[in-house]
Amino acid sequence: MAKLLTIFCLLLMSPFAWSAATKVPLPAAVKTAAPDLHLLGAGHLNWLFFSVYNAALWISGDQYTPTRTFALGIDYERSFSSHELVKTSLKEMRRLDDLDAAQLAKYRIDLQHAFPDVQSGDQIVGLCMPGKYTAFYYNGVLHSKIDDPQFCPDFFAIWLSPHTQVPGLRKKLLDLHE
């Protein structure tokens, strides 16, 4: 019984354990930029016992493919500095893809422009226009645009790659019933 209780406690503390469905609205400015988007999936991320954010993936077409327009939105439930968001994003991008020092330095500058400090209740939506650019909307307003076609797949792999650190959330976002 003690062993079962220990396993249950460890699962509760896992960053991947909770990813229940949630509602994340798509801002009007994103709908205007990409009117064909529709919600594919949504989930919630807890880290240990802390609620971190709600996320949603909107796609064009019948299923997610990285070669078609999509948007990933995050509604934050905790405060994070721009520095924390940039540092964590770069760490995951480096882990998922063998990026060289020059590419990481460029992405650092791009992300510093893309990410403001966020508070609980703030939303950032990344809109990927494959082969063209990635746009970031902060609380419904265009905040930054990155004119690098490779940025989109490198950045959104953080959530959408099969090798993500948040596989439960990925399944919810991609509406996978595996």
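What this report covers is the structure whose coordinates are included nearby.

About the criteria used
Residues numbered from 1 in each chain as written. Predicted model: local features only at pLDDT ≥ 70, side-chain atom pairs only at ≥ 80, totals over all residues. Heavy atoms only, no water. Salt bridge = Lys/Arg side-chain N within 4 Å of Asp/Glu carboxyl O. Helix = DSSP H or I, 4+ residues; strand = E, 2+ residues; numbered from the N terminus. Buried < 20%, exposed > 50% of the residue type's maximum accessible area, 1.4 Å probe, protein only. Pairing = 2+ DSSP bridges.

## Regarding the pattern of salt bridges
Close approach of charged atoms allows side chains with opposite charge to pair. Counting across every chain of the model gives three salt bridges. Across the pair Glu92 and Arg95 runs a salt bridge, and its minimum N-O distance is 2.9 Å. Placement of the pair is Glu92 and Arg95 together in helix 3 (residues 82–96), with a separation of three residues, close to one helical turn. The class of Glu92 is buried, set by a relative accessible area of 11%. We classify Arg95 as partly exposed; its relative accessible area is 38%. Among the ionic pairs, Asp110 bridges to Lys106, the shortest N-O distance being 2.9 Å. Linking Asp110 with Lys106, this pair stays in helix 4 (residues 101–114), spanning four residues, or about one helical turn. With relative accessibility at 36%, the residue Lys106 sits in the partly exposed group.

## Concerning helix 5 (residues 151–160)
Counting buried residues along helix 5, nine of its ten residues qualify, which places the element largely inside the surrounding structure. Turning to helix 5, its buried residues are Phe151, Cys152, Asp154, Phe155, Phe156, Ala157, Ile158, Trp159 and Leu160.

## Considering the pairing of strand 5 (residues 133–138)
For strand 5, the buried fraction is high: five of the six residues fall into the buried class. Note that strand 4 (residues 123–129) and strand 5 share six bridges and pair antiparallel. If you follow Cys128 over to strand 5, its bridge partner there is Thr134. As consecutive antiparallel partners, strand 4 and strand 5 are separated by three residues, and within that stretch Gly131 has a phi angle of approximately 80°, a positive value. Direction of pairing for strand 5 relative to strand 6 (residues 141–146): antiparallel, over a ladder of five bridges. Bridged to Thr134 within strand 6 is Ile146. Turn length for the strand 5-strand 6 hairpin, with the two strands adjacent in sequence and antiparallel, is two residues, and the turn residue Asn139 shows positive phi of about 50°.

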